[in-house]
Amino acid sequence: MTALFAFIRVKGYNKGVRNLIADALKGQDADYIEIHFEESQATNIVYRGERLEEISRGRNSGGNIRALVQGSWGFVSFNRLDGLRDKVALAVEEARLASREPFKLFPAEPVVETVVPQLEKVSTDIPLAAKKELLDEYNDIILSSPKIQSTRINYRDGRRQRTFANSEGSYIEQAKTDLTLRLTAIAREDNEVQQAGLSLGSNGEFSAVEGLHEQAREIARRAAALLSAPQVKGGEYTVLLDPVLAGVFAHEAFGHLSESDFVYQNENLQQVMVLGKRFGGKHLNIVDDPTIPNLRGSYKYDDEGTPTRKTHLIRGGILEGRLHSRETAAKMGERATGNARTINYLFPPIVRMSNTFIEPGSASFEEMLGDIEEGVYVKDWYGGMTSLEMFTFSAGEAYMIRRGRLAELLRPVVLTGNVFTTLQNIDAIGNDLEMNQGGGCGKGGQYPLPVSNGSPHIRIRHCVIGGR
Amino acid sequence: MEHLEEVFRAARREAEQAEVFSVSSRTVSVQFEANELKQVQTKESSSTALRIFREGRIGFATASGGGGWESLVDMAVETSQFGSPASFQFPSRFHRDSSKVPIFDSKVEEIAMERMVEIGKEIIAKIRGHTPGILCDVQVTKGTSSVSLINSQGGEGRYDKSFLGFSLEGILVRDTDMLFVGDSASSCRPDFIGIDDLADRVIWQLEMAKKKAAVSTKLLPVIFTPNGVASALLSPLMLAFNGKTVLEGASPLKDKRGEQVFDKRLSLWDDATVAYGVGSYPFDDEGVPSQHLPLVTNGVVTNFLYDLQTAALAGTQSTGNGRRVGGGFPSPAISSLRLCRSGGDVSFRAMVEDMKEGLIVEQVIGAEQGNVLSGDFGGNLLLGYKVENGEIIGRVKDTMIAGNVYQVLKELLGIGQEARWVGGILQTPSLYCPRVSVATKES
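Residues numbered from 1 in each chain as written. Chains lettered and ligands numbered in written order. Predicted model: local features only at pLDDT ≥ 70, side-chain atom pairs only at ≥ 80, totals over all residues.

Of regular secondary structure, chain A possesses 10 helices and 26 strands. Its C-alpha radius of gyration of 24 Å places chain A within 12% of the 23 Å reference for a compact globule of 468 residues. Counting only C-alpha atoms and orienting by the principal axes, one finds that chain A spans roughly 75 × 55 × 35 Å. Within chain A, counting contacts between residues at least 6 apart in sequence, those at least 24 apart form 74% of the total. (Helix = DSSP H or I, 4+ residues; strand = E, 2+ residues; numbered from the N terminus. Rg over C-alpha atoms; globule rule 2.2 N^0.38 Å. Contact = placed C-beta atoms within 7 Å.)

Another aspect to go through is the overall build of chain B. When you go through chain B residue by residue, the secondary structure sums to 10 helices and 23 strands. Summarising its shape, the C-alpha atoms of chain B cover approximately 70 × 55 × 40 Å along the three principal directions. Long-range pairs, those at least 24 residues apart, make up 70% of the contacts in chain B with a sequence separation of at least 6.

We now examine the interface of chain A and chain B. On the side of chain B, 66 residues touch chain A, which itself brings 74 residues to the contact. Considering every element that reaches the side of chain A that touches chain B, the biggest residue donor is strand β2 (residues 51-69) of chain A, with 12 residues. Taken together, the residues that form the side of chain A that touches chain B break down as 29 nonpolar, 29 polar and 16 charged. Two strands pair when backbone bridges link them, and β2 of chain A and strand β3 (residues 57-65) of chain B are joined in this way by six bridges, in the parallel orientation. The residue bridging G58 of chain A from the neighbouring strand is T62 of chain B, located in β3 of chain B. (Nonpolar A, V, L, I, M, F, W, Y, C, P; charged D, E, K, R; others polar. Pairing = 2+ DSSP bridges.)

Right, let's get into the confidence of the model for chain A. Across chain A, the average pLDDT comes to 92, with 97% of residues at 70 or higher. Across residues 1-13 of chain A, where pLDDT falls below 50, the model places 32 contacts with residues more than four positions away in sequence or in other chains. (pLDDT = per-residue confidence, 0-100.)

Here the focus is the domain arrangement of chain B. All names here are of chain B. The domain boundaries assigned to chain B delineate domain 1 (4-206) and domain 2 (211-443). Computed over C-alpha atoms, the centres of domain 1 and domain 2 are 23 Å apart. Those elements giving two or more residues to the side of domain 1 that touches domain 2 turn out to be β1 (17-33), β2 (36-54), β3, β4 (135-151), β5 (156-174) and β6 (177-187). Element by element, the count of residues in the side of domain 1 that touches domain 2 is highest for β6, at five residues. For the side of domain 1 that touches domain 2, the class distribution of residues is 18 nonpolar, 13 polar and four charged. (Domains from an automatic or database assignment.)

Residue and element names in this part refer to chain A. Taken in spatial order, the six strands line up as β11-β10-β9-β14-β25-β22 in an open sheet, and their pairing is mixed. Strands with a single pairing partner mark the edges of an open sheet, and in this sheet they are β11 (318-319) and β22 (434-436). Of the strands in this sheet, β9 (286-288), β10 (311-315), β14 (355-358), β22 and β25 (452-455) touch helix α6 (residues 243-255), which is tilted by about 115° from β25. (Axes fitted to C-alpha atoms, helices over the stretch in contact; angles between N-to-C directions.)

Let us look at the domain arrangement of chain A. Residue and element names in this part refer to chain A. Looking at the assigned domains, one finds that chain A contains domain 1 (2-226) and domain 2 (235-466). The C-alpha centroid of domain 2 is placed 23 Å from the C-alpha centroid of domain 1. Between domain 1 and domain 2, the contact holds 34 residues from the first and 30 residues from the second. Those elements that provide at least two residues to the side of domain 1 that touches domain 2 are β1 (32-48), β2, β3 (72-78), β5 (148-166), β6 (171-189), β7 (192-202) and α5 (213-226). Tallied by class, the residues present in the side of domain 1 that touches domain 2 amount to 13 nonpolar, 14 polar and seven charged.

Since the α-helix packs 3.6 residues into each turn, any two residues three or four apart lie on the same face. All names here are of chain A. If you check helix α4 (residues 128-143), its first and last C-alpha atoms are 22 Å apart, about what 16 residues at 1.5 Å a residue would give, namely 22 Å. Considered for burial, the residues of α4 that qualify are K131, L134, L135, Y138, N139, I141 and I142. Buried residues of α4, viewed axially, fall in a sector of 160°; they line one side. When the buried face of α4 is taken as reference, the exposed residues oriented beyond 90 degrees from it are A129, A130, E133 and E137. Residues of α4 that are buried sit in contact with β1, β5, β6 and α5. (Expected span 1.5 Å × (residues − 1). Buried ≥ 20, exposed ≤ 12 C-beta atoms within 10 Å, placed from the backbone. Arc of directions from axis to C-beta.)

Moving on: the sheet that holds strand β22 (residues 426-428) of chain B. The strands that make up a sheet pair up through hydrogen bonds in the backbone, lying either parallel or antiparallel. All names here are of chain B. With mixed pairing, the six strands of this open sheet are ordered in space as β11-β10-β9-β14-β22-β21. Two strands in the sheet have a free side with no partner beyond their single neighbour: β11 (300-301) and β21 (420-422). Of the pairings in the sheet, the one linking β21 to β22 comprises three bridges and is antiparallel in character. Counted as the bridge partner of R420 is T428 from β22.

Bringing helix α6 (residues 226-241) of chain B into the picture now. The end-to-end C-alpha distance of α6 of chain B is 20 Å, clearly below the 22 Å that 16 residues give at a rise of 1.5 Å each. Bending of α6 of chain B peaks at approximately 55° at the position of L233 of chain B, with proline P236 of chain B no more than four residues after it. (Bend = angle between axes of the 7 residues up to and from the residue.)

Residue and element names in this part refer to chain A. At the junction of Y447 and P448, the peptide bond is cis and its omega measures out at -5° in the coordinates. Topologically, P448 is positioned in strand β24 (residues 446-449). With phi around 55°, H462 is a residue other than glycine that occupies positive phi space. Along the chain, the position of H462 falls in strand β26 (residues 458-466). Of the residues examined, H462 has 16 C-beta atoms within 10 Å and is grouped as partly exposed.

Of all residues in chain B, 98% have pLDDT values of 70 or greater, and the mean over the chain is 93. Here the predicted complex scores 0.93 on pTM and 0.91 on ipTM.

With that settled, consider the nonpolar core. Counting 152 residues, the largest nonpolar core has L245, V376, V378, V413 and L415 of chain A as its most contacted members. Not counting residues within four places of it along the chain, the set of residues in contact with V376 of chain A comprises V232, Y237, V239, A398, M400, I401, V413 and I465 of chain A. (Core = buried A, V, L, I, M, F, W, Y, C linked by C-beta atoms within 7 Å.)

So, on to the environment of Q205 of chain B. All names here are of chain B. By the secondary structure assignment, Q205 is in helix α5 (residues 195-208). According to the C-beta neighbour criterion, Q205 is buried, with 22 such atoms within 10 Å. Taking C-alpha positions, Q205 is 9.4 Å from R395, a pair spaced 190 residues apart along the chain. What Q205 contacts, discounting residues up to four positions off in sequence, is V181, E362 and L383.

This paragraph deals with the environment of N294 of chain A. Residue and element names in this part refer to chain A. For N294, the position within the fold is in the loop between β9 and β10. The class of N294 is partly exposed, set by 15 C-beta atoms lying within 10 Å. Separated by 206 residues in sequence, N294 and V88 have C-alpha atoms that sit 35 Å apart.

All names here are of chain B. Two elements in contact, helix α1 (residues 4-14) and helix α2 (residues 72-80), have axes separated by 9 Å at closest approach and are oriented at 35°. Once α1 is placed against α2, the crossing between them reads as right-handed. Touching V7, A10, A11 and E14 of α1 are L72, V73, A76 and V77, all from α2. Across the contact of α1 with α2, the residue classes break down as seven nonpolar, no polar and one charged. (Left-handed = near helix turned anticlockwise from the far one by under 90°.)

Strand residues, when the strand is regular, have side chains that alternate between the two faces of the sheet. All names here are of chain A. Counting buried residues in strand β17 (residues 390-395) gives six out of six residues, a clear majority hidden from the surface. Burial along β17 is two-sided: M390, T392 and S394 and F391, F393 and A395, pointing in opposite directions, are all buried. Here four bridges tie strand β16 (residues 383-386) to β17, and the two strands are oriented antiparallel to one another. When the sheet's bridge partners are listed, M385 is paired in β17 with T392. Linking β16 to β17, which pair antiparallel, is a turn of three residues; within it L388 sits at a positive phi near 70°.

Put into structure tokens, the structure is as follows:
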């Protein structure tokens with residue numbers, strides 16, 4: 001069976017595989033069927049303090065089938081290609097167990113295409129020795145800084161080669177590379193432990209992780225400084241968010257709410273998310289765009305074979321669009337946007353973001369800062385989470401603002417809020433858009449999905465910060 | 001599986017020592033979305049991991065799915081050039097004579113997809129019987145997996161495991177107000193979990209959340225329900241007891257073995273031997289026999305969690321906690337944690353009645369985003385209730401809690417009588433803590 005998978009690696013569409021799929025789909029009694037095959041490889045390098053904890057390589061291959069019958073789905077994932085016809089039949093049988101209201105998927109033109117990434121310095125081609133040498137340098141810089149107890153370095157690169165075919169005649173081969181790096185400095189003094197980190201990534205381009213020596217020094221300095229930093233007093237503040245954290249805010253606070261699978265079967269939520277409704281000031285524009293070249297969340301076709309497009313989620317403060325799969329688009333009478341994505345062949349595609357960002361406004365950083373009597377400047381991120389209405393996100397770096405000036409460094413803070421009121425409370429948007437490519441997005445057990453998010457500096461009034 | 005021996009033989013030709021770990025699984029799940037059956041899915045997966053010692057260094061590679069196992073040896077040899085020095089031995093025997101941990105029940109295989117669909121419908125019917133407007137996402141999942149392990153010290157073993165789980169997430173939307181409720185149940189043995197228990201707990205949440213209550217920014221006593229303990233307090237503890245965190249000196253507990261750190265009435269076990277527990281196993285993913293390991297005894301820190309490599313570096317023995325996430329590189333991790341009390345327990349009702357003003361925490365989001373390493377927790381209250389004068393008066397929103405596990409667990413006001421399993425990996429009673437910081441919007 002491995003020989004068949006090896007087959008797929010050949011660039012350009014492949015007659016053998018196309019015939020195999022055509023055979024498996026012949027005479028099956030379903031409204032729609034799609035088949036995915038996938039081959040991937042990954043390299044992981046993990047440091048913990050002085051020790052190189054893990055250096056490993058892996059390969060993965062498999063596929064899945066999704067069948068739609070009478071409005072319900074059957075899904076079968078597999079490791080082996082043998083008995084493909086029986087697997088398709090099982091997916092059809094599963095779909096028959098349920099019967100929801102039948103519907104037609106948002107219509108799609110059949111596509112036959114091969115997509116190969118164009119990169120200058122592909123991380124998967126760099127020798128292991130060179131990767132290790134670079135990470136050794138970063139690790140040594142952090143470890144040799146004052147008060148540093150330990151480090152964490154997590155490097156991962158990989159390549160995914162996917163084949164998609166459906167019963168409508170589409171056949172798409174796409175290859176995608178991805179790279180993430182996180183550097184963490186852990187400082188300790190007596191019983192106090194503090195950490196600071198840097199998280200970044202790329203579409204597989206290795207140069208994105210080169211030349212970070214000064215940043216490595218900086219996170220070590222910051223971790224040590226946090227040991228003696230005070231904790232902010234919990235309560236409501238005016239907060240100024242840097243582009244990284246504001247990007248996380250755009251992703252967590254509004255992006256997830258724009259994913260139509262949360263909305264399409266929930267009438268109450270549909271009323272909340274009515275297109276044309278005002279969500280923020282005229283200066284607020286939020287966009288999801290997989291068509292921007294060379295970001296981690298960029299791709300040409302989603303995992304349902306839908307070509308991608310730029311979607312304005314909010315334009316001029318007004319809700320203008322949302323993210324769709326072919327199912328959610330059909331059921332809500334809107335257009336498929338190309339946002340049905342999977343992390344790998346073990347999962348069916350669900351509605352996900354790609355590159356999500358707040359478009360730049362006109363305010364300068366100094367203007368936004370200058371107006372704040374007392375507030376908090378929050379930078380960088382540990383993470384974020386949302387329950388649609390509520391969100392939390394945590395800043396890796398925070399400073400008090402007093403009388404329009406940055407004051408003392410604070411311990412990391414967690415911000416929280418209600419999406420609807422917080423969007424209204426954004427009162428200034430900066431002119432300095434930056435995209436952040438670190439981390440990954442999780443939803444429905446599918447983590448980490450490569451995405452990026454971004455924003456200029458933004459200012460939010462009345463934001464709740466947790467503290468002691 | 002069929003490649004295990006082949007990979008092992010090929011690896012032995014290239015390396016001083018070799019170990020091949022292989023896991024394969026088949027799961028079936030039925031998924032309801034917004035009260036209706038949306039999807040039925042069958043997943044088959046398998047993976048093989050090779051670890052070698054070559055010229056004294058560790059090499060590691062994995063292959064999942066149908067292909068790639070032929071290149072395992074080459075990939076492991078390549079990584080071994082840079083790997084850390086091998087400082088331990090693979091175990092030669094995986095089982096203790098007396099121990100046999102039951103984790104497989106053939107009844108799981110007999111549960112038909114149609115029956116799983118019925119289970120899902122029954123759960124939803126019960127919840128909607130209480131609150132008709134609620135939208136439920138329900139998953140009923142069953143599965144079996146088999147694990148095989150062989151190493152060049154002569155160690156060899158395999159076992160099968162079964163699984164059945166139900167989970168429910170309900171959402172009730174009124175204007176822009178959203179209420180999330182939910183719970184789950186899982187076991188290796190279908191008879192051990194019931195629909196009624198799950199439905200009753202969710203209905204209780206709906207009852208308590210019927211009204212809204214206000215809270216102001218201050219320090220308040222808090223009762224963490226078993227779900228609350230899992231979502232707010234568990235992460236910093238898991239990290240602090242991890243032998244790796246201890247070894248690198250980043251755990252706040254690193255010099256605290258033998259010291260009283262927690263309330264005297266609290267004991268904590270890592271227990272991989274719970275009969276039909278979803279976290280149980282006869283031997284860990286490196287072949288070390290599983291244990292019932294005390295981490296905290298009457299408030300005193302007693303042990304940390306180790307795998308082979310970390311234990312060797314720390315000059316101690318593996319505790320049988322070498323786990324592989326997704327079949328990958330072994331690392332110390334919990335099997336299942338059991339928080340137990342020794343005396344002084346009170347009923348949930350008595351804890352509530354004792355509160356003049358306080359909070360009950362069921363679920364927080366974002367609790368893991370703070371400085372978890374130092375024991376901090378904090379997050380937005382996804383589901384929590386206000387208590388006034390000994391009575392639960394309603395649900396609290398737009399509120400954050402923040403604290404430090406070492407401060408809140410040092411002296412408790414009470415420990416609940418009933419311990420419950422959460423997510424199959426933590427068994428805990430409710431914990432009544434004296435002072436937790438609460439921050440909210442000023443209205």
